[in-house]
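Descriptive analysis of the structure
Residue-level listing of the chains:
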Amino acid sequence: MANSVKGMEWVGRTSVHHTLKEQHLSRPCALCVVQSVQALPSVFTLPSCHGDVIKLKHHTMEAETQGNITGLKKPTPAEAIGNRGGVGGEMEKKHYNNYHQNWKAHTPSELLWEKANQQGVEVLSEEFARIMDKEDPLREFRKRFSYPKNGNLDDTDPELCDAEQESIYMCGNSLGLKPHSADQRVKEVIDSWGNKAVGTHFSPPLPAGLCDRYGRELLGKVVGADPSTVVLMNGLTVNLHLLLLSFYQPTPQRYKILIEGHSFPSDRYAMVSQVELRGYKPEEALLEVHPREGEHTIRTEDVLSVLRKEGDSIAVVCLGGVQYYTGQKFDMGTITKAAREAGCMVGWDLAHAVGNVPLHLDDWGVDFACWCTYKYLNSGPGGISGAYVNKRHEGRDTPHLKGWWSNCEDTRFDMKKTCDVAPGVDGFRISNTPPLLVCLVLASLEIFDEAGMDRLVAKQFLLTGYLELLIKAYFGSDQVKSPSAKIITPEDTNQRGCQLSLMFSFPLQKVHRELSKRGVQCDIRKPNVMRIAPAPLYNSFLDVHRFTTILSQVFELCKTEAA
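Criteria and thresholds
- Residues numbered from 1 in each chain as written.
- Predicted model: local features only at pLDDT ≥ 70, side-chain atom pairs only at ≥ 80, totals over all residues.
- Heavy atoms only, no water.
- Helix = DSSP H or I, 4+ residues; strand = E, 2+ residues; numbered from the N terminus.
- Buried < 20%, exposed > 50% of the residue type's maximum accessible area, 1.4 Å probe, protein only.
- Disulfide = S-S within 2.5 Å.
- pLDDT = per-residue confidence, 0-100.
- Contact = heavy atoms within 4.5 Å.
- Patch = residues over 30% accessible without salt bridge, like charges linked within 9 Å, V, L, I, M, F, W, Y side chains within 5 Å.
- Areas by Shrake-Rupley, 256 points an atom, 1.4 Å probe, with all protein chains shown as cover.
- Salt bridge = Lys/Arg side-chain N within 4 Å of Asp/Glu carboxyl O.
- Pairing = 2+ DSSP bridges.
- Axes fitted to C-alpha atoms, helices over the stretch in contact; angles between N-to-C directions.
- UniProt positions renumbered as here; feature names shortened; annotations may be inferred.
- Parallel < 35°, antiparallel > 145°, perpendicular 65-115°, else oblique.
- Nonpolar A, V, L, I, M, F, W, Y, C, P; charged D, E, K, R; others polar.
- Polar contact = N/O pair within 3.5 Å; in protein donor to acceptor, adjacent residues only side chain to side chain.
- Phe/Tyr/Trp six-rings, centres within 6.5 Å; stacked < 30°, edge-to-face > 60°.
- Lys NZ or Arg CZ within 6 Å of the ring centre and 35° of its normal.

As a further point, take the overall build of the protein. Along its length, the protein carries 18 helices and 20 strands. Of all 563 residues assigned to the protein, the portion counted as buried reaches 57%.

See below:
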């Protein structure tokens, strides 16, 4: 490792105790944050995803060591603002007093305010967003995706937005953008079919009959798993059913499935189907954990409490890694450990987690998982899904559905009367994986690998943090007689990814319709949430600033019409 970091003075480096590795802290390491911010406050240390603790020195705040992790002393407003007047001085103090009284160490806001202070600009200004984009080490990746223009969208109003301008795309949580390289990938598959006919089954560049071999190394990196334990196949709910048919083996004493309240409908339908297929009533066999009254997200301690009380009766715990409605990231490691200690099988639906947050399926000891690839992994509408089965289950002898592709690859064409079932996740394959769908995932996975999950998480920390900062500054519910937007996603960055879920003081459908007219692409989920998810692979800080600017215009319109 080099002895200096850009914009920093190297102070030293110490070994992290094993407990830090076990925690797999999702907060980005200092090296990665430096690459995104290029300037951080004070002398401090953060756990590094490279296996060390790094101590960096800048200029305003002092460090306090607490065990193996060093925290920052809470700065006074004067220290944070730099005792400056003018632009970025009095105005920043005003906003600080409005919503920043409980400034926590190492929050995205802290780093963003300090960066703006160093640059001598207003943290809420477009100029600051442009500075952040200029210094973003991932900024060039945006050029590798097809960005829709306003004029190509069905809902835009040409009088309210420039038809030639790129839309403000905040919907990567629903459908990722198309990589330019996907076109060439698809062409290669089509050309191989056209030029080689049946020969395309075993001919490069992507043999149709062997295409499920491809992408495993890259996919394993994204989910934190041995490549042999992951595979591309089917759709998400199909995979969930296939896995549950094997891992949900109810007994008279242990027959329940634990899910989160307000789980994604398809997950719920699958769980209901599974318990009904085994002769149980959903109201008896489906156990739900809900947020406490007056809260929007589920506390880890409440999940653990259910496991302590009901663990002996729970056969499978199957939650969403990132909750689709609130954007809450569950503490997957802690929940998995507790559930397995209670004797439960543990599966995760990672639809909103894969490519969004750090995952460590092998280290956490997860039994099975499945996910779609068309959200943060950008494989296109209806793209193929992924599945994971822990290596310890390779010799597990439980019934599951089989097909031709469940065979071991080297005996598949022996055409035996009985299936020579492949070990682990490969035994769950049913049919030949479609190469046209695989090639689309590969196009995106290669970009992911080049960008690096560490750097993506580091940018996400700041990008979603910037969205949070602007939303609170302009639309905080504490602002008297002003339109408000409430963020229901956890403020703790260890409990979220890209997405912030918003509730408005104005009718949700009205706000969404007016945003769409102005070239903003985002989605809503009933009963009353708008999901905003800037993806670090292709979204910019200017996108976030433009979004909040347009949201402010829409709020003013709604306010005027309501008067």
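What follows deals with the state of the cysteines. Per the stated rule, a full pass over the model turns up 0 disulfides. You can see Cys-318 has no disulfide; the closest cysteine sulfur is in Cys-370, sitting 6.5 Å from it. Its relative accessible area of 3% is what places Cys-318 among the buried residues. Not part of a disulfide, Cys-439 finds its nearest cysteine sulfur in Cys-211, a span of 9.1 Å.

So, on to the confidence of the model for the protein. Taken over all residues, the pLDDT of the protein has a mean of 83, while the share at 70 or more is 80%. The model gives residues 1-105 a pLDDT under 50, and that stretch makes 230 contacts with residues more than four places away or in other chains.

Here we take up helix α12 (residues 300-310). Since there are 3.6 residues in each turn of an α-helix, residues three or four apart along the chain are aligned in direction. Residues of α12 that are buried include every one of Asp-302, Val-303, Leu-304, Ser-305, Val-306 and Leu-307, and no others. Packed against the buried residues of α12 are β10 (256-260), β11 (286-289), β12 (314-320) and α13 (332-341).

With that out of the way, let us pick up a nonpolar patch on the surface. On the surface, a nonpolar cluster with roughly 460 Å² of combined accessible area is contributed by Phe-202, Trp-404, Phe-413 and Met-415. Looking at the element boundaries, Phe-202 is found in the loop between α7 (181-196) and α8 (216-223).

Moving on: the sheet that holds β11. Spatial ordering of the open sheet is given by β9-β15-β14-β13-β12-β10-β11, a layout of 7 strands whose pairing is mixed. In the strand order of this sheet, the two ends are held by β9 (230-232) and β11, each with one partner. Ignoring which end each strand starts from, the neighbouring axes of this sheet average 20° apart. When β12 meets strand β13 (residues 345-349), the two strands line up parallel, connected through 5 bridges.

Further remarks concern the UniProt feature "binding site: pyridoxal 5'-phosphate" (unreviewed entry) in the protein. Within this numbering scheme, the UniProt entry marks Leu-236, Thr-237, Phe-264, Pro-265, Ser-266, Asp-267, Asp-349, His-352, Tyr-374, Trp-404 and Asn-432 as carrying the feature "binding site: pyridoxal 5'-phosphate" (unreviewed entry). Looking at the secondary structure, you find Pro-265 in helix α10 (residues 265-277). Take Pro-265: its relative accessible area is 31%, and that puts it in the partly exposed class. Secondary-structure assignment places His-352 in the loop between β13 and α14 (361-364). Those residues in contact with His-352 that lie beyond four places of it in its chain are Asn-173, Val-322, Tyr-324, Lys-375, Tyr-376, Gln-499 and Arg-531.

Moving on, we come to the UniProt feature "modified residue: N6-(pyridoxal phosphate)lysine" (unreviewed entry) in the protein. As recorded in UniProt, the sites labelled "modified residue: N6-(pyridoxal phosphate)lysine" (unreviewed entry) are Lys-375. Counting through the fold element by element, Lys-375 comes out in the loop between β14 (368-371) and β15 (386-389). Residue Lys-375 is classed as buried on the basis of its relative accessible area of 8%. Setting aside chain neighbours within four positions, we find Lys-375 in contact with Gly-172, Asn-173, Ser-174, Leu-175, Gly-176, Ala-351 and His-352.

Below, the discussion takes up the packing of α12 against α13. Where α12 meets α13, the axes come as close as 10 Å, and the angle between the chain directions of the two elements is 10°. Considering their axes alone, α12 and α13 lie roughly parallel with respect to each other. Taking contact as the criterion, the partners of Thr-300, Val-303, Leu-304 and Leu-307 in α12 are, on α13, Thr-334, Ile-335, Ala-338 and Ala-339. Here the residues of the contact of α12 with α13 are counted per class, giving 6 nonpolar, 2 polar and no charged.

Let us look at the pattern of salt bridges. Within the structure shown, the criterion is met by 32 salt bridges. Residue Glu-310 pairs with Lys-256 through a salt bridge whose shortest N-O separation is 3.1 Å. Of this pair, Glu-310 sits in helix α12 while Lys-256 sits in strand β10, and the two are 54 residues apart along the sequence. Taking relative accessible area as the criterion, Glu-310 reaches 29% and is therefore assigned partly exposed. Looking at Lys-256, the relative accessible area reads 12%, which means it is buried. For the salt bridge of Lys-337 with Glu-341, the shortest nitrogen-to-oxygen distance reads 2.8 Å. Linking Lys-337 with Glu-341, this pair stays in helix α13, spanning 4 residues, or about one helical turn. A relative accessible area of 51% places Lys-337 in the exposed class.

Right, let's talk about the sheet that holds strand β19 (residues 523-525) for a bit. As summarised here, the arrangement of the 4 strands in space is β16-β17-β20-β19, forming an open sheet in which the pairing is antiparallel. Taken across any chain shown, the strands that pair with only one partner, and hence form the sheet edges, are β16 (485-487) and β19. On average, each strand axis in the sheet is tilted by 35° relative to the strand beside it, whichever way the strands run. In the sheet, β19 pairs with strand β20 (residues 529-532) via 3 bridges, with the strands oriented antiparallel. Note that in β20 the partner of Ile-524 across the bridge is Met-530.

Turning our attention to the side chain of Ser-203. Looking at the element boundaries, Ser-203 is found in the loop between α7 and α8. Within the structure, the side chain of Ser-203 is placed 2.7 Å from the backbone oxygen of Gly-199, a separation counted as a polar contact.

Our focus in this paragraph is the packing of aromatic side chains. Tallied over the entire structure, the rule returns 18 aromatic pairs. Note on Phe-475 and Phe-555: the rings are 5.0 Å apart at their centroids and 70° apart in plane angle, and the pair reads as edge-to-face. Taken together, the residues span a long stretch of sequence, with Phe-475 in helix α16 (residues 453-475) and Phe-555 in helix α18 (residues 541-562) at a distance of 80 residues. In this structure Phe-475 comes out as buried when scored by relative accessible area, which is 3%. With a relative accessible area of 1%, Phe-555 lands in the buried category. Through pairs of rings, three or more aromatic residues link up here, namely Tyr-474, Phe-475, Phe-504, Phe-506 and Phe-555. When the ring centre of Trp-405 is taken as origin, the NZ or CZ atom of Arg-412, which lies over that ring, is 4.1 Å away.

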